[in-house]
Amino acid sequence: MSLSIANMTRRFGQTEVLRGIDLDIGKGELVALLGPSGSGKTTLLRIIAGLDWPDAGSLAVDGQDWLGRTAQARRTGFVFQHYALFPHMKVRDNIAFGLTVLPRSQRPPSAQIEARVRELLHFLQIDALADRYPSELSGGQRQRVALGRALAISPRLLLLDEPFGALDAQVRRDLRRWLRGVHEASGTTTIFVTHDQEEAFELADRVVVMGAGRIEQIGHPDEIYDHPASAFVARFVGLTVELPVTMHQGRAEAPGIDLTALPRRAMADGPATLFLRPSDIAVRPDPEGCFRVAEIVSTGALLRLQLTGPDGCGIEAEMPRRRIAGLETGQPVLLRPEAGRIFPAAPRSDQPATPAPLPAFKEQRL
Amino acid sequence: MRPAAAPGALAPRPDQRVAKALIAAAVLLTIAVLVVPLAYIFHRAFAQGFQVFAANILEPNTLHAIALTALVALLTVPVNIAFGIAAAWAIARFRFRGRKALLTLIEIPFSISPIIAGICYLLLYGRQGLLGSWLLAHDIQILFALPGIVMVTMFVTSPFVLREVLPLMQAQGSEQEQAAVTLGASGWQVFRRVTLPNIRWALLYGAVLCTARAVGEFGGVSVVSGSIRGQTNTLPLQIELLFNDLNIAGAFAAASTLTVIALVVMVLKTAMEARR
Ligand SMILES: Nc1ncnc2c1ncn2[C@@H]1O[C@H](COP(=O)(O)OP(=O)(O)OP(=O)(O)O)[C@@H](O)[C@H]1O
Ligand SMILES: [Mg+2]
């Protein structure tokens, strides 16, 4: 089913958590809400589920207003970040819960509920765990049960809050692929929250990047990756190196940096900021270069270089280890960015107060 | 293969003399203040044989006191369970003005001597009291009757269930309940199927503590009941009365009954703690 959010705001006391969200989601779409900690992702999801209400704005599903409905009436499948399984029920009863609370007139006979549970257990590949309690499961298994519990009610809208947040990298990757399969098999419109861009890009049809209560960009993963619409999105999708440049006739110029690989741009002359991925910077030893290698760290496949510029600014570059055998610390080098985004230099205060945190250091709200 | 050593067998051994002395002191103290008096109650109750004991228990006034005490507990405990759950739910799940004040208010019975509660009721509902003439005019008897006894007992025991249930509900948070709601459960279904099973042991534990206190309450009840033999005397009051009458065997027989109730409750409580 389709979902349409318009001009939605939500305030907690003084803090504006959502500042005018406009979002349309089509039937059967798989959409990721991507954003740093505290950007309002969970708040938006909870409003869609009916666990919270906005101060202003509208929420319509299939053209019908949803703000007048209770969470009970909406019956969205909501998967909580920490699963929120019922600890006193066995896995099978957890999954059956949504069917057993239906009003007597709509409730399927118990044999039918049992069959549905069995079907889901099989689908989730946890047949053997049916008679365990949640405390006897691993994180990944709990995740599957939580998803099964939400899918059991055949929701028209599936909402997942950081579904893989608490799992290790390998399990995350497996479950990601598996969730994509679940989505394709069930055809349910799905929205999931994540702060991990790799997860969002790999899984979603469309990615919604949120920053400080606003939608910064909506688009196909490749589109966002290649053409971030703002400095905020650029930083968030990993263009973490920022270099001050001067625009001159559509070309960026900066002392000591070879910027000829970048295409011309229709931008006014004047100061601007170049955003780069560390891996998009080619580093070449050159006695004339005004950057110096301060530190070289190997991460196995990659070499991570710390470079110091003429005015003492430090930047980071990454490259395959094979490619630059002859580099040493203290050596002068020339930089040649091979791709990057340029945005007009904005006054500092215009930019979001909190820079995007590294996913690994994401703070957990308790 | 060598048998595995007991856990901690390799840890350095501290000097055990002090520990042993402290344990001995604790054991002696426990025997002196707890075990001997308890054993003595039963010894005295049965000192003149079972016949005398049975006769003492079956004495109409004592029998009535036992029944009255049971009735008071039966009325008090369910009300306190309902109140405790409702208050814990409100405090744990909602943010409202006066929440802190409510929490403090509920603690008051813990800190106020029960006899003060009794006197307050006396001043409020007594013949000369604030509501006295109105009650008299409508022929409602609160003091020196069952309602007064039940009300004072409720006052004294009101925090027990809440105090047990609240920390659990706060720790558990509301996510499970929210999950249940998004799955289509109604408010009552959420309570019945998600909230209640999670707090059931704490709830039972609180109810047991509440029962023990309700059965043993003396101070507050002694003020409002008027200690009318065979009418408003609860078991603790009856024991005191028998004692003052110098009916030592009767007093000990009644006391042993009360003690048995308390011990049963304690065993229940211990069993429940093990399950939590
Ligand atoms: N009940 C509440 N009362 C007050 N402030 C709140 C409440 N819930 C959320 N907030 C605030 O709203 C902001 C956004 O919260 P939200 O949970 O939506 O962030 P998020 O994007 O989900 O972050 P994370 O990735 O850390 O989960 C935060 O600054 C948070 O402190
Ligand atoms: Mg969140």
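Note that the structure is predicted; figures quoted are calculated from it, not measured.

### Observations regarding the packing of aromatic side chains
All names here are of chain B. Scanning the model with the defined rule gives 14 aromatic pairs over all chains in all. Each ring, one from tyrosine 121 and one from tyrosine 125, has its centre 5.7 Å from the other, and the planes form 70°; the classification is edge-to-face. With tyrosine 121 and tyrosine 125 both in helix 5 (residues 114-125) and four residues apart, the pair spans about one turn of that helix. Each member of the pair, tyrosine 121 as well as tyrosine 125, carries the same accessibility label: buried. Chaining the aromatic ring pairs together yields one cluster made of Phe46, Phe50 and Phe53.

### Remarks on the UniProt feature "transmembrane region" (unreviewed entry) in chain B
Residues and elements named next belong to chain B. Taken from the UniProt record, the annotation "transmembrane region" (unreviewed entry) applies to residues 21-43, 63-90, 102-124, 144-162, 202-228 and 248-268. Taken end to end, residues 63-90 comprises 100% helix and 0% strand; its first and last C-alpha atoms sit 41 Å apart. Secondary structure content for residues 102-124 is 91% helix and 0% strand, while the C-alpha to C-alpha distance between its ends is 22 Å.

### Examining the interface of chain A and chain B
Between chain A and chain B, the residue contacts involve 23 residues of the former and 17 residues of the latter. Taken together, the two surfaces of chain A and chain B that pack against each other cover about 1,800 Å², and 62% of this comes from carbon and sulfur. Three residues stand out in chain A for area buried against chain B, namely Gln72(A), His88(A) and Val101(A), and they jointly supply 31% of the buried area on that side. Counting every contact that joins chain A to chain B gives zero salt bridges. Where chain A touches chain B, the interface holds six residue pairs in polar contact (both at pLDDT 80 or more). Looking at the side of chain A that touches chain B, the elements with two or more residues in it are helix 1 (41-49), helix 2 (71-74), helix 3 (91-100) and helix 5 (139-152) of chain A. By residue number, the principal contributor to the side of chain A that touches chain B is helix 3 of chain A, which donates three residues. When grouped by side-chain class, the residues that make up the side of chain A that touches chain B number 14 nonpolar, six polar and three charged.

Rules used throughout
Each chain carries its own residue numbering, running from 1 in the direction its sequence is written. Following the order in which they are written, the chains are lettered starting with A and the ligands numbered starting with 1. Per-residue local features are limited, in this predicted model, to residues with pLDDT of at least 70; the limit for side-chain atom pairs, both in listing and counting, is 80 or more; totals at the level of whole chains, interfaces and linings are taken over all residues. Note that the side-chain values use all heavy atoms of the structure and ignore hydrogens as well as water. Aromatic pairs are defined between Phe, Tyr and Trp rings, using the six-membered ring for Trp, whenever the two ring centres lie within 6.5 Å; interplanar angles under 30 degrees are classed as stacked, those over 60 as edge-to-face, and all others as tilted. What counts as a helix is a DSSP run of H or I of at least four residues, what counts as a strand is a run of E of at least two, and both are numbered from the N terminus. Partly exposed describes any residue whose relative accessible area lies between the buried limit of under 20% and the exposed limit of over 50%, with all areas from a 1.4 Å probe on protein chains only and scaled to the type maximum. UniProt positions are given in the numbering used here, feature names are shortened, and annotations may be inferred rather than shown by experiment. Here, two residues are considered to be in contact whenever any of their heavy atoms come within 4.5 Å of each other. Once two parts are put together, the accessible area they lose, assessed with a 1.4 Å probe and summed over both, is termed the buried area. Salt bridge, as applied in this entry: a Lys or Arg side-chain nitrogen positioned within 4 Å of an Asp or Glu carboxyl oxygen. Here a polar contact is taken to be a pair of N or O atoms separated by no more than 3.5 Å, where protein atoms must pair a possible hydrogen donor with a possible acceptor and residues adjacent in sequence count only if both atoms sit in side chains. In this count, Pro and Cys sit with the nonpolar residues alongside Ala, Val, Leu, Ile, Met, Phe, Trp and Tyr, while Asp, Glu, Lys and Arg are called charged and the others, Gly among them, polar.

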